[in-house]
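Fold and geometry: a report
Chain by chain, the residues:
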Amino acid sequence: MAAAEPPATTWAAHRAARARRATLLGRLLVPLDGAGRVALRRGPDTAAAFAEAWGPPDGRTAVTPLPELLGAIGAHEWRRRGVPVAALGGARIHPHHGVFSPVRGEYVDLVATAPLPAAAREGGALDLGTGTGVLAAVLARRGVRHVTATDHDPRAVACARENLARLGLAGRVTVHHADLYPPHRRAGLVVCNPPWLPERPNSPLDHAVYDPEGRMLLGFLAGLSDHLAPGGEGWLILSDLAEHLGLRNRDQLLAAFDTAGLRVVDRLDTRPTHRRTRDATDPLHRARSAEVTSLWRLAPEP
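All of the points below concern the structure found in this document. Everything quoted here is computed from the prediction, not taken from an experiment.

Of regular secondary structure, the chain possesses 11 helices and 11 strands. Overall, the chain is about 65 × 60 × 30 Å in size when its C-alpha atoms are taken along their principal axes. Per-residue burial for the chain yields a buried fraction of 46% across its 302 residues. At a minimum sequence separation of 6, the contacts of the chain that also span at least 24 residues come to 70%. Just so you have it, the chain exposes about 15,000 Å², and 55% of that area is on carbon and sulfur atoms. Charged side chains of the chain number 37 positive and 31 negative; the gap between the two group centres comes to 6 Å.

So, on to the side chain of aspartate 211. Inspection of the secondary structure assignment puts aspartate 211 in the loop between β8 (187-192) and α8 (215-224). Nearest to the buried, unbridged aspartate 211 among oppositely charged side chains is arginine 215, at 5.8 Å. Polar side-chain contacts of aspartate 211 include one of 3.1 Å to the backbone nitrogen of leucine 217.

Glycine aside, a negative phi is what most residues show, and trans is what most peptide bonds show. Its identity is not glycine, yet histidine 184 carries a phi of approximately 55°, on the positive side. Judged by relative accessible area, which is 85%, histidine 184 ranks as exposed. Its identity as a non-glycine residue notwithstanding, glutamate 213 has a phi of 55°, on the positive side. As for its placement among the helices and strands, glutamate 213 is situated in the loop between β8 and α8.

Let us now look at empty space enclosed by the protein. Applying the stated rule across the entire model yields 1 cavity of 30 Å³ or more. Size it by volume and the largest cavity reaches roughly 30 Å³. The wall of the largest cavity is formed by Leu238, Ser239, Asp240, Glu243, Arg250, Leu253, Ser294 and Trp296. Secondary-structure elements contributing two or more residues to the lining of the largest cavity are β9 (228-239), α10 (250-259) and β11 (293-300). Looking at the lining of the largest cavity residue by residue, the class counts come to 3 nonpolar, 2 polar and 3 charged.

It is worth spelling out the nonpolar core at this point. Counting 56 residues, the largest nonpolar core has Leu88, Leu139, Phe220, Trp235, Leu236 and Leu298 as its most contacted members. Looking at which element gives the most residues to this core, the answer is helix α6 (residues 134-141), with 7 residues. Residues in contact with leucine 139, not counting those within four places in the same chain, are Val111, Leu116, Ala125, Val144, Val147, Leu189, Val191 and Trp235. With 8 residues, the next largest nonpolar core counts Trp11, Tyr210, Ala242 and Leu245 among its residues.

In the structure shown here, the tally under the stated rule is 17 salt bridges. One salt bridge in this structure joins arginine 81 and glutamate 77, with 3.4 Å as the shortest N-O distance. Placement of the pair is arginine 81 and glutamate 77 together in helix α3 (residues 66-81), with a separation of 4 residues, close to one helical turn. Residue classification places glutamate 77 among the partly exposed positions, given a relative accessible area of 24%. Measuring nitrogen to oxygen at the nearest pair gives 3.0 Å for the salt bridge that ties arginine 104 to glutamate 291. Separated by 187 residues along the polypeptide, arginine 104 in the loop between β4 (92-93) and α4 (106-113) and glutamate 291 in the loop between α11 (285-290) and β11 bring together distant segments of the chain. Both residues of the pair, arginine 104 and glutamate 291, count as buried. Beyond isolated ion pairs, a larger network of salt bridges with shared partners links Glu77, Arg80 and Arg81.

This part takes up the pairing of β8. Within β8, 6 of the 6 residues are buried, leaving the element largely enclosed by the surrounding structure. Inspection of the sheet shows strand β5 (residues 125-128) paired to β8 by 4 bridges, in the parallel sense. Looking at β8, one finds that leucine 128 is bridged to cysteine 192. Two elements, β8 and β9, share 5 bridges in a ladder whose sense is parallel. Bridge pairing in β9 places alanine 187 opposite leucine 228.

Parameters and conventions
Residues numbered from 1 in each chain as written. Predicted model: local features only at pLDDT ≥ 70, side-chain atom pairs only at ≥ 80, totals over all residues. Heavy atoms only, no water. Helix = DSSP H or I, 4+ residues; strand = E, 2+ residues; numbered from the N terminus. Buried < 20%, exposed > 50% of the residue type's maximum accessible area, 1.4 Å probe, protein only. Contact = heavy atoms within 4.5 Å. Areas by Shrake-Rupley, 256 points an atom, 1.4 Å probe, with all protein chains shown as cover. Lys, Arg positive; Asp, Glu negative; His and termini not counted. Charge placed at Lys NZ, Arg CZ, Asp CG, Glu CD. Salt bridge = Lys/Arg side-chain N within 4 Å of Asp/Glu carboxyl O. Polar contact = N/O pair within 3.5 Å; in protein donor to acceptor, adjacent residues only side chain to side chain. 1 Å grid on protein atoms, 1.4 Å probe; cavity = no way out; pocket = protein on both sides within 12 Å on 5 of 7 lines; lining within 4 Å. Points joined across faces, edges and corners; volume = space filled by probe spheres on them. Nonpolar A, V, L, I, M, F, W, Y, C, P; charged D, E, K, R; others polar. Core = buried A, V, L, I, M, F, W, Y, C linked by side-chain atoms within 4.5 Å. Pairing = 2+ DSSP bridges.

Structural data, given as structure tokens:
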């Protein structure tokens, strides 16, 4: 039996194949009329999806690559239907185009069940990289008096504000446009769910999955002590998929904690349940089937 390829080799081949596919499909251009509808006989009415993804049409005809159009249509359907979130009692979160959808509920469940530090109830919480606002909503529902949520993407800021208003939590959660930490703000809890793979994104939608050189992860760790109230904790939600793909190892992660002057209070683990963990035809099946998602409870060294 031939030896299995190293995980990093499998990952590189997988990304290369996806890039080739994206390049080929990107050469298929779809005509659009001045209202953002597909200008083909029996073409779907894509006007709403066009407006949500790229803004109001300007009346001019255009063409768009097929993958871009399919992505906009898919995002429109997610936004229209919403994603039910068990940790919110089945209430729905409505992701916008380009904002990561909380379809993988295991990381949300970790935030819903981890023991809240006492400092969070009075000192509030920060949710860094809030995306749809789902984790901020969970914290507010758990009794955190006030949550400050941030995101660097204006689309995510608008998305989070809309979702929190729909859930009746706009008075409990403030959403700011910020690169990571808001200025001059300490809290009893700081939550961060950075993109899980330390790789370079190839498209705007990749930014929800790829964190080049671990920039967001390391930025969260470096600033944590300066933004925690006494007795506070930082919660890092992170999959170990990067470790199974050979992109990062556990020693590097623990060394990053040490460099930031942080200690591990506890770690809560869960296994993903999405269908790819059971798909033996997936080229990344070996890594996905071993994946564990963790909530690391961190605090400054005494």
